[in-house]
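The lines below spell out each chain.
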Amino acid sequence: MNLLLIGSGGREHALAVKLADSPVLKTLFCAPGNPGIAEVAQCVTIDVADHKAVIDFCRVNGVDLVVVGPEAPLVDGLADSLTDAGIPVFGPSAKAAQLEGSKGFTKALCDRMDIPTAGYGKFNNAPKAKAYIRSQGAPIVIKADGLAAGKGVTVAMTLEEAFAAIDDCFEGAFGEAGAEVVVEEFLEGEEASFFCLCDGTTALPLTTAQDHKRVGEGDSGPNTGGMGAYSPASIMTDALIAETMESIIEPTMQGMADQGMPFTGVLYAGLMLTADGPKLIEYNVRFGDPECQVIMPRLKDDLLLLMKAAADGMLSSMSARWRTQAAATVVLCAPGYPASAQKGSVIRLPKAIDLPEGVTIYHAGTAINGGDLVANGGRVLNVTATGKTVTDALKTAYRAVDMIDWPEGFCRRDIGWREIEREMAEG
Ligand code: AMP
Ligand code: GLY
């Protein structure tokens, strides 16, 4: 099979490495890719906003399946255009992608299907939003309705913070995404991410992960796209996974199908494990980044066949098996991230052969400039390792981090701290 993978981040590098492993793969194209992806795929320049250009490329190159990594092209209807052109695609339609693209849409679905989530109000002006906040009190959570690259959420511990976040949204800090605002009950508990592959009817549970959204150690500072992750998250026990499937995932699949927008692709549930059981914080319609980087090294089965089955509505006959090993990833960032990352500093990577066993360095925001590998984004490298435990995997990952010659880069040194504490307590 010939495949076209869309995207350029660490997530897509991890997908590319796993897809490249498939015995049924002939050629893997990636648009636009990055210097790491170029080692396993043929990177091509296509404007993915130009759906006709993507379709033409697929026809000329005999592409059998398109895999869309990030959310933006999905929300923009790329999967619909490909489907209309008769080209199989892994990823949801624009309507189904509203699960990520509109927090209000997901909240309405939760209401209709009785899916456990935080109580909320939805507003299109500041005075009404502030009146609601006053009636609820702090802590409280403010969310720009649309896509804001994971940065449109404020967990306000005081009313003043909440009001400031409302003003930011309506004054355009998140552009169009902030034209409507969801104000949500603050949920207490530990977060976990849960992933399923979906074919419109069947949701095949994959595995769990936890990421660290805050830029600073001890989970401090502003939210980012994710500073590191590990899988599995042992806090998501088999019983909690079963409860999540029954109370959250299955009703979502049913509710989407009932509305004539069956969900295909990756359904990524951000959960809060509260005293009253798992509650949905948010949905994403794609793999997490950097969660994908710790899921792929653990998947035993052929990802390409699983994705093809999802695209063809054939998932009910498939299974996904996992290595017992844990995986962890540490994200290396350019200085200034997340506010404004400085591009251009030179990175010298160790030779692959010198890296500790089980380590893969996935590229995210990198570029080649005059023969040098340089930082070209906020999150730049994902140093990923496997190990018997999350603690072991992280020790190895940090050993590899210390082998990278990039004085300007920074990372968090406490990735996985919750799991490490749990593993220590268990002895
Ligand atoms: P989201 O983009 O919706 O995942 O929100 C980003 C982060 O904000 C989440 O990962 C949580 O840490 C936090 N958050 C979002 N909603 C809530 C909530 N209702 N209660 C507590 N924390 C929340
Ligand atoms: N790491 C969080 C996300 O991909 O949304």
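Residues numbered from 1 in each chain as written. Chains lettered and ligands numbered in written order. Predicted model: local features only at pLDDT ≥ 70, side-chain atom pairs only at ≥ 80, totals over all residues. Heavy atoms only, no water.

Draft legend 1. Molecular detail of the site of ligand 2. The local shell around ligand 2 consists of D211, G225, Y268, N284, R286, G288, D289, P290 and E291. Between ligand 2 and E291 there is a distance of 2.9 Å, counted from a nitrogen atom to a side-chain nitrogen or oxygen. The protein chains hide 90% of the 200 Å² of surface that ligand 2 would expose on its own. Split into classes, the residues belonging to the shell around ligand 2 amount to 2 nonpolar, 3 polar and 4 charged. (Near = heavy atom within 4 Å. Polar contact = N/O pair within 3.5 Å; in protein donor to acceptor, adjacent residues only side chain to side chain. Areas by Shrake-Rupley, 256 points an atom, 1.4 Å probe, with all protein chains shown as cover. Nonpolar A, V, L, I, M, F, W, Y, C, P; charged D, E, K, R; others polar.)

Draft legend 2. Representation of the site of ligand 1 in the model. Residues in close proximity to ligand 1 total 15 residues, the closest being E184, E185, L187, E191 and E282. Interatomic distance of 3.0 Å between a side-chain N/O atom of K143 and an oxygen atom of ligand 1. Notes on ligand 1: free accessible area 470 Å², of which the protein chains cover 92%. Secondary-structure elements contributing two or more residues to the shell around ligand 1 are β7 (140–144), β8 (153–156), β9 (181–185) and β16 (277–284). Counted by class, the shell around ligand 1 contains 8 nonpolar, no polar and 7 charged residues. (Helix = DSSP H or I, 4+ residues; strand = E, 2+ residues; numbered from the N terminus.)

Draft legend 3. A look at the environment of P356. By the secondary structure assignment, P356 is in the loop between β18 (346–347) and β19 (359–363). Considered as a pair, P356 and R399 are 43 residues apart in the sequence and their alpha carbons are 7.7 Å apart. Filtering out sequence-adjacent residues up to four positions away, P356 remains in contact with T396, R399, A400 and M403. (Contact = heavy atoms within 4.5 Å.)

Draft legend 4. Representation of the packing of aromatic side chains in the model. All chains considered together, the criterion is met by 4 aromatic pairs. Their ring planes at 90° and their centres at 5.1 Å tell us that F29 and F57 sit as a pair that is edge-to-face. On the criterion of sequence distance, the pair formed by F29 in strand β2 (residues 28–32) and F57 in helix α2 (residues 51–61) is long-range, its members being 28 residues apart. Here F29 and F57 have matching classes, each one buried. Within the aromatic cluster, the residues linked to one another by ring pairs are F195, Y268 and F287. (Phe/Tyr/Trp six-rings, centres within 6.5 Å; stacked < 30°, edge-to-face > 60°. Buried < 20%, exposed > 50% of the residue type's maximum accessible area, 1.4 Å probe, protein only.)

Draft legend 5. Spotlight on the sheet that holds β18. Ordered in space as β18-β21-β20, the 3 strands form an open sheet in which the pairing is antiparallel. Across the chains shown, the open sheet's two edge strands, defined by having one partner strand only, are β18 and β20 (366–369). (Pairing = 2+ DSSP bridges.)

Draft legend 6. Representation of the packing of helix α12 (residues 390–401) against helix α13 (residues 417–426) in the model. Closest axis-to-axis distance for the α12/α13 pair is 9 Å, and the angle between their directions is 130°. When the interaxial angle is binned, α12 and α13 end up oblique. Residue-level contacts link V390, T391 and L394 of α12 to E419, I420 and E423 of α13. Residue composition of the contact of α12 with α13, grouped by class: 3 nonpolar, 1 polar and 2 charged. (Axes fitted to C-alpha atoms, helices over the stretch in contact; angles between N-to-C directions. Parallel < 35°, antiparallel > 145°, perpendicular 65-115°, else oblique.)

Draft legend 7. Up close: helix α6 (residues 103–113). Within the sequence span of α6, burial applies to K103, G104, F105, T106, K107, L109 and C110. Where α6 ends, the next residue or the one after it, D114, has phi of about 60°, a positive value.

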